[in-house]
Amino acid sequence: MSTYKIAVIPGDGIGPEVLHEGIKVLNKIAELDGSLQFEYTYFPWGCEYYTQHGVMMDEDGIEKLKNFDAIFLGAVGFPGVPDHISLWDLLLKIRKSFDQYINIRPIKLIKGAPCPLKDVNREELDMLFIRENSEGEYAGAGDWLFKGQENEVVLQTGVFSRKGTERVIRYAFEVARREGKSLTSISKGNALNYSMVFWDQVFEEVSKEYPDVTTASYLVDAAAMLMISDPKRFEVVVTSNLFGDILTDLGAALAGGIGLAAGANINPEKTYPSMFEPIHGSAPDIAGKGLANPLATIWSASQLLDFLGYENYGKLVLDAIEELLVEEKVLTPDMKGTASTSEVGDRVAGIIGKLLLSKTV
Ligand code: NAD
Ligand code: IPM
Ligand code: MN
């Protein structure tokens, strides 16, 4: 029996609702496999915890998470706690403390997923965003001088280290080479005359080690336009922390909506646990009503399975999501359905059971 220890952080708003369905799917896989099991430890951290204890997570929280095989997270943030506190003291703290410097976000228009573009060829909307996840514009470096005074000045410094820039670009080249795809770098060297000129230079340098990988490089403003007008240009994409954050929400809108977009925060060296989560937030506007779409979280469960080495099951979960979308019967309201969050989770689990059975028969 292979046992994996998963730290579960449901978090705030719709976080617990969608995570429940992700776990339902993992359990279904384990039950059908028979030789694989997940052992969950729940951590009640988040905004409610903050209002009770004055902290988003325990002081030794990072230490507590250190020895898990993976972290499965719902979403963080709720009105009443300033977002920069709730996110910096929990989600971003985990990403940074565990050096999860790779954020993998698939923007793939799977069968049945709605797309706002007309005449789109499904196969041509298949991007894999690799977002720098540890520094850049999210380094948290800066200052707030003369607060509240007339001469008030705020500094938010982008930090691009040679090590940090090289490693994410090299990782993206490795993925592109492995998958036989092109690699596109997105930056902004015309206006950001230090950080992005440096980024472009490093991209150019590292590309010399991968002469077999076709490359392209776009300014972020043009890239935002091209993702809509000509999405097939983008296959594997590497970009900075902030640009990756923004463009993957745009990508989510192209590839079925925010309720379908998943993300994996990876520490490739496996020195620390990696973390899997939907890319959407806690959606306070629909929390507690059973309206949230759990598919993004279920897709991130598929990434978790891939990461643990069960790519066959990762693919099976994606196939099940695809089948659910194609049959168009059990969908949440954001996808024009009437089903609840848990009904969608039940249906995905049901399809997984059916698919596995048909494979073994
Ligand atoms: P959001 O992603 O929570 O919501 C944006 C819109 O999308 C809302 O209308 C919401 O109802 C809808 N939506 C999101 N997920 C959905 C789902 N699974 N099913 C159906 N509809 C869904 O973004 P926001 O409103 O900008 O932020 C809300 C809070 O979440 C803030 O506190 C923010 O800081 C936080 N946030 C957290 C994360 C995270 O934990 N990873 C990510 C983004 C935002
Ligand atoms: C995301 C989120 C986070 C980010 C926020 C909540 C800090 O928007 O994961 O996309 O910007 O990284
Ligand atoms: Mn985001």
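Residues numbered from 1 in each chain as written. Chains lettered and ligands numbered in written order. Predicted model: local features only at pLDDT ≥ 70, side-chain atom pairs only at ≥ 80, totals over all residues. Heavy atoms only, no water.

Turning our eyes to something else, we now look at the site of ligand 1. Neighbouring ligand 1 are 20 residues, the closest being Val-76, Asp-83, Gly-281, Ala-283 and Asp-285. The contact in question runs from an oxygen atom of ligand 1 to an N or O atom on the backbone of Ala-283, over 2.8 Å. One of the side-chain N or O atoms of Asp-285 is found 2.9 Å from an oxygen atom in ligand 1. When the free accessible area of ligand 1 is taken as 800 Å², the share hidden by the protein chains comes to 69%. Sort the elements by how many residues they give to the shell around ligand 1 and helix α4 (residues 83-97) lands first, with three residues. Of the residues belonging to the shell around ligand 1, the class tally is eleven nonpolar, five polar and four charged. (Near = heavy atom within 4 Å. Polar contact = N/O pair within 3.5 Å; in protein donor to acceptor, adjacent residues only side chain to side chain. Areas by Shrake-Rupley, 256 points an atom, 1.4 Å probe, with all protein chains shown as cover. Helix = DSSP H or I, 4+ residues; strand = E, 2+ residues; numbered from the N terminus. Nonpolar A, V, L, I, M, F, W, Y, C, P; charged D, E, K, R; others polar.)

Once that is clear, we can look at the site of ligand 2. Taken together, Leu-87, Arg-95, Arg-105, Arg-131, Tyr-138, Asp-245 and Ile-279 make up all the residues around ligand 2. Between ligand 2 and Arg-105 there is a distance of 2.8 Å, counted from an oxygen atom to a side-chain nitrogen or oxygen. Tyr-138 is positioned such that a nitrogen or oxygen atom in its side chain is 3.0 Å from an oxygen atom of ligand 2. Contact with the protein chains removes 78% of the 320 Å² of surface that ligand 2 exposes when unbound. A breakdown of the residues in the shell around ligand 2 according to their chemical character gives three nonpolar, no polar and four charged. Two domains share the shell around ligand 2, each providing at least three of its residues, namely domain 1 (1-101 + 261-361) and domain 2 (115-255). (Domains from an automatic or database assignment.)

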